[in-house]
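Structural overview for review
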Amino acid sequence: MINEVINIEFNERQKKIVDIVKEFQPITSEHIANKLNVSRSTLRSDLSILTMSGILEARPKVGYFYTEESDETMIYKKIEKIKVGDVKSLPVVVDEKVTVYDAIVTMFLEDIGSLYIVSEGYLAGVVSRKDLLKTAIGGNDIKSIPLSIIMTRMPNIIMTYTQENVFEAAKKIIIHQIDSLPVVEKHVKDGQEKYKVLGRLSKSNITKLFVEMVKEK
Ligand code: ADP
């Protein structure tokens, strides 16, 4: 868009100024004038046209910057506004006393890849498909083992919050090589930090968001 404006309306000297600023930013008008072999007063109107049209930005005592946004910056700015709360889905939450067998049944019925485990209503752990498979193939009596024995437990649970930026949350999923994050709300109970589970942010939520963002264009 901005490039079209440059091609159509800006003169040769203005285009050269933009190229110089792109390469040497921040750069003062004096230095631009030197590079073009013209006086500063000759440049004045060009620079004001370029700053007024948003191509360049003048910062006092620093110089001129090129301000056209790269595609990456524009994508980031769009994603930056999206919060975990905008894309999260409903969690499947079960008590730590539930057996491995019942958890497997729940996973099938709910068509979900991980369960969040609570103790007295607060987040205590997570079990994934593979956690359950491991227990099942280990020859254990899965009808009597409670999830509290096999779950990945607090404080090792990676969590996110409704207000967290979705990009930051997606980075947690990648860094920790997990499929989902419980979306939690912090409570303080008897001087201890506890977490209520409000939702679930999974790789599927991020994939859906990715597809929707492209569809919007
Ligand atoms: P799977 O094991 O089915 O591939 P994940 O990649 O989500 O599924 O889980 C890998 C391991 O990480 C499992 O042991 C699981 O209990 C644990 N885990 C899953 N989600 C979290 C989380 N949010 N925080 C900490 N550990 C997790």
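Scroll up to find the structure.
Reference entry: report on the structure contained in this document.

Parameters at a glance
- Residues numbered from 1 in each chain as written.
- Predicted model: local features only at pLDDT ≥ 70, side-chain atom pairs only at ≥ 80, totals over all residues.
- Heavy atoms only, no water.
- Buried < 20%, exposed > 50% of the residue type's maximum accessible area, 1.4 Å probe, protein only.
- Helix = DSSP H or I, 4+ residues; strand = E, 2+ residues; numbered from the N terminus.
- Pairing = 2+ DSSP bridges.
- Right-handed = clockwise from strand over helix to strand, strands pointing away.
- Near = heavy atom within 4 Å.
- Polar contact = N/O pair within 3.5 Å; in protein donor to acceptor, adjacent residues only side chain to side chain.
- Areas by Shrake-Rupley, 256 points an atom, 1.4 Å probe, with all protein chains shown as cover.
- Nonpolar A, V, L, I, M, F, W, Y, C, P; charged D, E, K, R; others polar.

**Concerning the pairing of strand β4 (residues 114–119)**
The element β4 is largely enclosed, with a buried count of five among its six residues. Direction of pairing for strand β3 (residues 93–95) relative to β4: parallel, over a ladder of three bridges. Of the residues in β4, the one forming a bridge with D95 is V118. Crossover handedness for the path β3 to helix α7 (residues 100–110) to β4: right-handed. Inspection of the sheet shows β4 paired to strand β5 (residues 122–128) by six bridges, in the antiparallel sense. Its bridge partner lying in β5, S119 is registered against Y122. Hairpin connection of β4 to β5: two residues between the antiparallel strands, including E120 at a positive phi of 50°.

**Some thoughts on the site of the ligand**
If you check the shell around the ligand, you find 14 residues, and the closest are S128, D131, T152, I158 and D179. In the environment of the ligand, an oxygen atom lies 2.9 Å from a nitrogen or oxygen atom belonging to the backbone of D179. Within the complex, the protein chains bury 83% of what would otherwise be the 550 Å² of accessible surface of the ligand. The element contributing the most residues to the shell around the ligand is helix α8 (residues 129–137), with three residues. Split by residue class, the shell around the ligand holds five nonpolar, five polar and four charged.

The analysis is restricted to geometry; functional conclusions fall outside its scope.
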